[in-house]
Amino acid sequence: MTPSEFVQQLVNALSLGSIYALLALGLSMVYGVMGMLNFAYGELVTITGYAMLAATYLGAPFVVVALVGILAAGVASVLMELIAFRPLRNASFVSLLFTSFAVAQLIQGAFRQAVSVRARGVPVPDLLGNAIQIGSVRISVLSIITAAIGAVSLAALTLFLRRSRAGLSMRAASQDFTTARLMGVRANGVISLAFLISGLLAGIAGVLWMARTTSVNPTTGFVPVIEAFIASVIGGLGNLRGAVFGGFFLGALEVFLQATLPGSLLPYTQAAALLVVVGILYVRPQGLFGQKVEAI
Amino acid sequence: MTDRSVTDPLLAVDGLTVGYGSVLALRDVSLEVAAGEIVAALGPNGAGKTTLLRTLAGALKPRSGSVRFDGSSIVGMGPESVVRRGIALIPEGRHVFPKLTVQENLTIGGITRSDREELRADAQRWLERFPILGERSGQLAGTLSGGEQQQLAIARALMSRPRMLLLDEPSLGLGPIFVDRIFELVVELRDAGTTILLVEQNVHRALAIADRAYVLSVGSVVASGPTESLVEGELERSYLGIGQPG
């Protein structure tokens, strides 16, 4: 790999990594506060895609389309908790897990019935397909924008968690939920907030995902939720710093395996990446950052 | 067995029964705490003292019985509502938030209040009252010693400006110097107008500061009265589990 190729791949890794980091953060945030794995999380990406599609048909400019996509995921996430998970608040981990599978199936079924089984194109501005040349390095505009949006989102989230009273309440609740309630942190409020942030993160990642894949179908959410799960497990489930690290690690792993594996092995990139992950978990089953549930 | 009924109590518990699965942790417990009192709840391990405090704070739901605070029922409320009524629990084992700083722990303690200026002043006051916390206000609470964490747990609970404080085993695992400080503080708080229900294993220390005491044994109140009238014999019987007085 030449140095300029390396720089190109590095930008690609940062770009893919920031999508994974956002996805993993959203999944980990809910796990940290509630101890539940929401496998309907991927459907939030699907919902983002269809919401973008709808906004495009209504003639909205792309910035508005993107915002509609993000908001749709945020609202859907809060509603998901309110309708499906709140009645099972103190149920076991497995009950909640299966409920989230059911929610995922319902949403997929709804899109199959209401729209189509087939993929629909999500139009994105031509600009995103361009590349800029810096010396001998060619970098795609989409990669730069993705990495930048990822960085801004992470900074905003960190600021929120560190500086605001609501953010502080969330951190306290993820460390010791009962004691946080004894202090006056409202259980329903903090859980709704966790789902809202989780949904907004999925929405931002979803818009970036749509910009890469430019299409949406009822099962679009499957790959994102798996990647989010793997990334957060690498970092240590429920640990937000770990989720971010796991996201970037997984992104870099996939990009560099893609770039270095011989052509005949390329179809096995995902499998190779997963083997590395299995190796990490063999040595550190709790993930790289994990002890138990904790936040930033 | 002596009893003195309190006229117009701040906290009135009547016939409280709490269970975990098929096991009853509290059986038909009744007690009263008047405003401005220190009342101790004593008894051996497993007597139900922690269950009592957690139920009063809303963290456990009772099977039956009533809890009235300042005249209105608080039974069935969640902990986040009970603390808004003016009851703060300092849980056994302190439960400070280990990954939050000392300052952030205090901020969470005042999360029910919205008077920002006063909150800042209160936090400052506690950091001055406990200089060791003041020195470490930016440090993670998990790095403090047990005694320092207990001081933080108390200061954190007081940030909500409670009318009544439920203290669960505040001296547990602390050295004698810290125990002295904690008990001095409890008296100081009572003198400043906070009503206190204290659960303690350290019977003699608790009786030395309490106005009245209830003795619990396997989930029931077996003796109660002003501390001076509680004869040692009753206490010992309940601790050793010999016979059931009353």
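Residues numbered from 1 in each chain as written. Chains lettered and ligands numbered in written order. Predicted model: local features only at pLDDT ≥ 70, side-chain atom pairs only at ≥ 80, totals over all residues. Heavy atoms only, no water.

S.K.: Residues and numbers for the overall build of chain A, please.
M.R.: Per the secondary structure count, chain A includes eleven helices and four strands. In terms of overall dimensions, chain A is globule-like: its C-alpha atoms have a radius of gyration of 19 Å, near the 19 Å expected for 296 residues. Dimensions along the principal axes, computed over C-alpha positions, put chain A at roughly 60 × 50 × 35 Å. In chain A, which comprises 296 residues, the proportion classed as buried is 52%. Summarising the internal contacts of chain A: among those between residues at least 6 apart in sequence, 76% fall at separations of at least 24. Charge separation in chain A, taken as the distance between the mean sites of 16 positive and 8 negative side-chain charges, equals 10 Å. (Helix = DSSP H or I, 4+ residues; strand = E, 2+ residues; numbered from the N terminus. Rg over C-alpha atoms; globule rule 2.2 N^0.38 Å. Buried < 20%, exposed > 50% of the residue type's maximum accessible area, 1.4 Å probe, protein only. Contact = heavy atoms within 4.5 Å. Lys, Arg positive; Asp, Glu negative; His and termini not counted. Charge placed at Lys NZ, Arg CZ, Asp CG, Glu CD.)

S.K.: Provide a residue-level description of the interface of chain A and chain B, including the pertinent values.
M.R.: Counting residues at the interface gives 20 residues for chain A and 25 residues for chain B. The contact between chain A and chain B buries some 2,100 Å² in all, and 59% of this surface belongs to carbon and sulfur atoms. A per-residue breakdown of the area chain A buries against chain B is headed by Arg 165, Leu 182 and Met 183 of chain A, which together make up 37% of the total. Linking chain A with chain B are two salt bridges. We note a salt bridge from Arg 181 of chain A to Glu 80 of chain B, for which the minimum N-O separation is 2.7 Å. Linking chain A with chain B are eight residue pairs in polar contact (both at pLDDT 80 or more), by the criterion used here. For the side of chain A that touches chain B, the secondary-structure elements that each account for two or more residues are helix H6 (165–175) and helix H7 (177–182) of chain A. Here the side of chain A that touches chain B takes six residues from H6 of chain A, the largest share from any one element. (Buried area = accessible area lost by both parts, 1.4 Å probe. Salt bridge = Lys/Arg side-chain N within 4 Å of Asp/Glu carboxyl O. Polar contact = N/O pair within 3.5 Å; in protein donor to acceptor, adjacent residues only side chain to side chain.)

S.K.: Provide a residue-level description of the sheet that holds strand S2 (residues 23–33) of chain B, including the pertinent values.
M.R.: To summarise the sheet geometry, strands pair through backbone hydrogen bonds and adopt either a parallel or an antiparallel arrangement. Residues and elements named next belong to chain B. In space, the four strands of this open sheet follow the order S2-S1-S4-S5, with antiparallel pairing throughout. The two strands at the open ends of the sheet, each matched to only one other strand, are S2 and strand S5 (72–73). By the bridge criterion, seven bridges tie strand S1 (residues 11–20) to S2 in an arrangement that is antiparallel. Residue pairing for S2: Ala 12 is matched across the bridge by Glu 32. (Pairing = 2+ DSSP bridges.)

S.K.: Residues and numbers for a nonpolar patch on the surface, please.
M.R.: Residue and element names in this part refer to chain A. Together, Met 1, Phe 6, Val 7 and Leu 10 give the surface a local cluster of nonpolar side chains, amounting to about 350 Å² of exposed area. Tracing the backbone shows Phe 6 in helix H1 (residues 3–34). Overall, the relative accessible area of 40% leaves Phe 6 in the partly exposed class. (Patch = residues over 30% accessible without salt bridge, like charges linked within 9 Å, V, L, I, M, F, W, Y side chains within 5 Å. Areas by Shrake-Rupley, 256 points an atom, 1.4 Å probe, with all protein chains shown as cover.)

S.K.: Help me get a handle on the sheet that holds strand S8 (residues 195–199) of chain B, residues and values and all.
M.R.: Residue and element names in this part refer to chain B. Ordered by their spatial adjacency, six strands build an open sheet running S6-S7-S8-S3-S9-S10, and the pairing between neighbours is mixed. Strand pairing shows two members of the sheet lacking a second neighbour, strand S6 (87–90) and strand S10 (220–226), which therefore form its edges. Recorded for the sheet is a direction-independent mean angle of 15° between the axes of neighbouring strands. In the sheet, S6 pairs with strand S7 (residues 164–168) via four bridges, with the strands oriented parallel. Its bridge partner being in S7, Ile 87 is matched across the sheet by Met 164. Along the sheet, helix H1 (residues 49–56) makes contact with strand S3 (38–42), S6, S7 and S8, crossing S7 at roughly 150°. (Axes fitted to C-alpha atoms, helices over the stretch in contact; angles between N-to-C directions.)

S.K.: Quick rundown of the confidence of the model for chain A? Include the residues and the values.
M.R.: Residues at a pLDDT of 70 or more form 98% of chain A, whose mean pLDDT is 93. Every residue in residues 292–296 of chain A is under pLDDT 50, and counting partners more than four places away or in other chains gives 20 contacts. (pLDDT = per-residue confidence, 0-100.)

S.K.: Kindly report on H1 of chain A, identifying the contributing residues and their values.
M.R.: Residues and elements named next belong to chain A. For H1, spanning 32 residues, the distance from its first C-alpha to its last is 45 Å, which sits close to the expected 46 Å at 1.5 Å a residue. Among the 32 residues in H1, 24 count as buried, and that is most of the element. Just downstream of H1 lies Gly 35, where phi reads positive at about 70°. (Expected span 1.5 Å × (residues − 1).)

S.K.: Talk me through the pairing of strand S3 (residues 137–140) of chain A; I want residue IDs and the actual numbers.
M.R.: All names here are of chain A. Taking every second residue as pointing to the same face, the buried face of S3 carries Val 137 and Ile 139, while none of Arg 138 and Ser 140 on the other face is buried. Here strand S2 (residues 131–134) pairs with S3 via four bridges, running antiparallel. When the sheet's bridge partners are listed, Gln 133 is paired in S3 with Arg 138. Between S2 and the antiparallel strand that follows it, S3, lie two residues; Gly 135 among them carries a positive phi value of about 60°.

S.K.: Let's hear about the environment of Gly 189 of chain A: which residues, and what values?
M.R.: Residue and element names in this part refer to chain A. Position of Gly 189 relative to the elements: it lies in helix H8 (residues 187–213). Residue class for Gly 189 comes out partly exposed when judged on its relative accessible area of 41%. Considering only alpha carbons, one finds Gly 189 and Asp 126, 63 residues apart in sequence, at a separation of 41 Å.

S.K.: Describe the packing of aromatic side chains, with residues and values.
M.R.: Here the structure, examined in full by the defined rule, presents nine aromatic pairs over all chains. Where Phe 39 of chain A meets Phe 229 of chain A, the ring centres are 5.5 Å apart and the plane angle is 55°; that geometry is what we call tilted. Placement of the pair is Phe 39 of chain A in the loop between H1 and helix H2 (41–57) and Phe 229 of chain A in helix H9 (residues 222–235), with a sequence separation of 190 residues. Summarising the aromatic geometry, the rings of Phe 245 of chain A and Phe 249 of chain A are spaced 6.0 Å apart at their centres and angled 20° between planes, so their arrangement reads as stacked. Of this pair, Phe 245 of chain A and Phe 249 of chain A both sit in helix H10 (residues 240–260), four residues apart, which is roughly one turn of the helix. On the basis of relative accessible area, Phe 245 of chain A is assigned to the partly exposed category, the value being 36%. By relative accessible area, which is 26% here, Phe 249 of chain A ends up partly exposed. Here the basic side chain of Arg 129 of chain B rests over the ring of Phe 130 of chain B, its NZ or CZ set 5.2 Å away from the ring centre. The aromatic ring of Phe 183 of chain B is capped on one face by Arg 205 of chain B, whose charged end is 5.1 Å from the ring centroid. (Phe/Tyr/Trp six-rings, centres within 6.5 Å; stacked < 30°, edge-to-face > 60°. Lys NZ or Arg CZ within 6 Å of the ring centre and 35° of its normal.)

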